[in-house]
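Structural features, examined
Given next are the chains, with one letter for each unit.
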Amino acid sequence: MREAHDFSRGSSHIDETEIDVSLDDQPDDNAIDETVANLEANGFEVIVVESAEDALETVQSHVPADASVMNGHSTTLEEIGFTEYLSDGDHEWESLSDRIWSINDDAERQAARRESQTADYFLGSVNAIAQTGELVAADRSGSRIGAYPFAASNVVIVSGVNKIVDDLDAALDRLESVAYPLENERAKDAYGVESAIAKQLIFRQELEEGRTTVVIVREQLGY
């Protein structure tokens, strides 16, 4: 069923966007437990927390001092307060995003953005989590998801439980019928251009022990 959602995404245009609300719902505890078990079986580290505040505290404690840190754009990271904390917070990390946006030359900035994919810790989110243990994400440019498969030394993915769906087919459906419509409206509102599912990732397994951590928040966050 497609409906205009009834929760704030930070824009009146986005608030009126029609999405498939059946793919943006709160799963029950059994579904969350099954998701965690299957993610762990696929090599992901998983931490389940109760709130956005807990998620931020988890990230703060997970990333060591002196690490270089980069994040892809993520409404979820904004909602838990991480984006602001990275730029303004009292931490000992090297914020690569701050360095990038201090560069005035366009070519140099783009080169720095590519280099930042190899950060010690790259943080972001995904557009869907299948109960069967796969992560699905997409991007227009690839800068948000390029680090996930290999480039970054460590990856931390933060997601609300509303992104959990039954299986991989449903996860791909969620990308098309929930995440894309909302992101498209955000992009038009923020940048004056439409988004696109131009580059898509299905993250089926993490083969390097401890490299990718998924923080699942028992709240409705992001899209």
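For clarity, every value in this text was computed on a predicted model and none was experimentally measured.

**What to know about the nonpolar core**
A general tendency of soluble globular proteins is for nonpolar side chains to be buried together. Ranked by internal contacts, the top residues of the largest apolar core, which has 28 residues, are Leu39, Val126, Ile129, Leu135, Tyr148, Val214 and Ile216. At the level of elements, helix H2 (29-41), helix H6 (96-101), strand S8 (135-139), helix H8 (147-151), strand S9 (154-160), strand S11 (199-203) and strand S12 (212-217) are the ones that each hand at least two residues to this core. Considering every element that reaches this core, the biggest residue donor is H2, with 3 residues. With near-sequence residues (within four places) excluded, Ile216 lies in contact with Val36, Leu39, Val46, Ile47, Val48, Val49, Ser159, Val161 and Ile164. The next biggest cluster of nonpolar side chains, apart from the first, holds 21 residues, and it includes Ala52, Leu56, Val215 and Val217.

**Let's talk about H2**
Its 13 residues place the ends of H2 18 Å apart at the C-alpha level, agreeing with the 18 Å of an ideal helix rising 1.5 Å per residue. Among all positions in H2, only Ala31, Ile32, Thr35, Val36 and Leu39 are buried. For H2, the arc enclosing every buried residue in end-on projection is 135°, short of the 170-degree limit, so these residues lie on one face. Those residues of H2 that are exposed and angled more than 90 degrees off the buried face are Asn30 and Ala41. At the N-terminal end of H2, a side-chain oxygen is found 3.2 Å from the backbone nitrogen of Asn30, two or three residues along, and the residue is Asp28. Directly after H2, the chain includes Gly43, whose backbone phi takes a positive value near 100°.

**Quick word on the pattern of salt bridges**
When the charged atoms of two side chains lie near each other, side chains of opposite charge can form a pair. In the structure shown here, the tally under the stated rule is 8 salt bridges. Taking the shortest distance from any N to any O, the salt bridge between Asp24 and Arg174 comes out at 2.4 Å. Taken as a pair, Asp24 in the loop between strand S2 (18-20) and H2 and Arg174 in helix H9 (residues 168-191) lie far apart in primary sequence, 150 residues in all. Neither residue differs from the other here; Asp24 and Arg174 are each classed as buried. Among the ionic pairs, Arg218 bridges to Glu50, the shortest N-O distance being 3.3 Å. Here Glu50 lies in the loop between strand S3 (45-49) and helix H3 (52-62) and Arg218 lies in the segment after S12, a separation of 168 residues in the sequence. Through salt bridges with shared partners, a single network forms among Asp29, Glu50 and Arg218.

**Some details on the side chain of Thr75**
Position of Thr75 relative to the elements: it lies in helix H4 (residues 75-80). The class of Thr75 is buried, set by a relative accessible area of 11%. Here the side chain of Thr75 touches Tyr223 through a polar contact of 3.3 Å, side chain to side chain. Not counting residues up to four positions away in its chain, the partners in contact with Thr75 are Arg186, Gly222 and Tyr223.

**As for the environment of Tyr148**
Inspection of the secondary structure puts Tyr148 in helix H8. Setting aside residues up to four positions removed in sequence, Tyr148 forms contacts with Phe122, Gly124, Ser125, Val126, Val155, Ile157, Leu201, Phe203 and Arg211.

**Topic: the packing of aromatic side chains**
Evaluation of the coordinates by the stated rule reveals 4 aromatic pairs. Centre to centre, the rings of Phe44 and Phe203 are 5.0 Å apart; their planes meet at 80°, and the pair counts as edge-to-face. Residue Phe44 is found in the loop between H2 and S3, and its partner Phe203 is found in strand S11; the two are separated by 159 residues along the sequence. The pair Phe44 / Phe203 is uniform in exposure class, with both members buried. Centroid distance Phe122 to Tyr148: 6.2 Å. Interplanar angle 75°. Geometry classified as edge-to-face. Highlighted residues: Phe122 in strand S6 (residues 121-124) and Tyr148 in helix H8, separated in sequence by 26 residues. With respect to burial, Phe122 and Tyr148 carry one shared label: buried. The rings of Phe82, Tyr85 and Trp93 are connected pair by pair, giving a single aromatic cluster.

**Focus: the sheet that holds strand S7 (residues 128-130)**
Taken together, the 4 strands give an open sheet; going across it, the order is S10-S7-S8-S11, and neighbouring strands pair in mixed fashion. Each having just a single partner strand, strand S10 (164-165) and S11 make up the two edges of the open sheet. Of the strands in this sheet, S7, S8 and S10 are in contact with H2, which crosses S7 at around 85°.

What counts, and at which threshold
Residues numbered from 1 in each chain as written. Predicted model: local features only at pLDDT ≥ 70, side-chain atom pairs only at ≥ 80, totals over all residues. Heavy atoms only, no water. Core = buried A, V, L, I, M, F, W, Y, C linked by side-chain atoms within 4.5 Å. Buried < 20%, exposed > 50% of the residue type's maximum accessible area, 1.4 Å probe, protein only. Helix = DSSP H or I, 4+ residues; strand = E, 2+ residues; numbered from the N terminus. Contact = heavy atoms within 4.5 Å. Expected span 1.5 Å × (residues − 1). Arc of directions from axis to C-beta. Polar contact = N/O pair within 3.5 Å; in protein donor to acceptor, adjacent residues only side chain to side chain. Salt bridge = Lys/Arg side-chain N within 4 Å of Asp/Glu carboxyl O. Phe/Tyr/Trp six-rings, centres within 6.5 Å; stacked < 30°, edge-to-face > 60°. Pairing = 2+ DSSP bridges. Axes fitted to C-alpha atoms, helices over the stretch in contact; angles between N-to-C directions.

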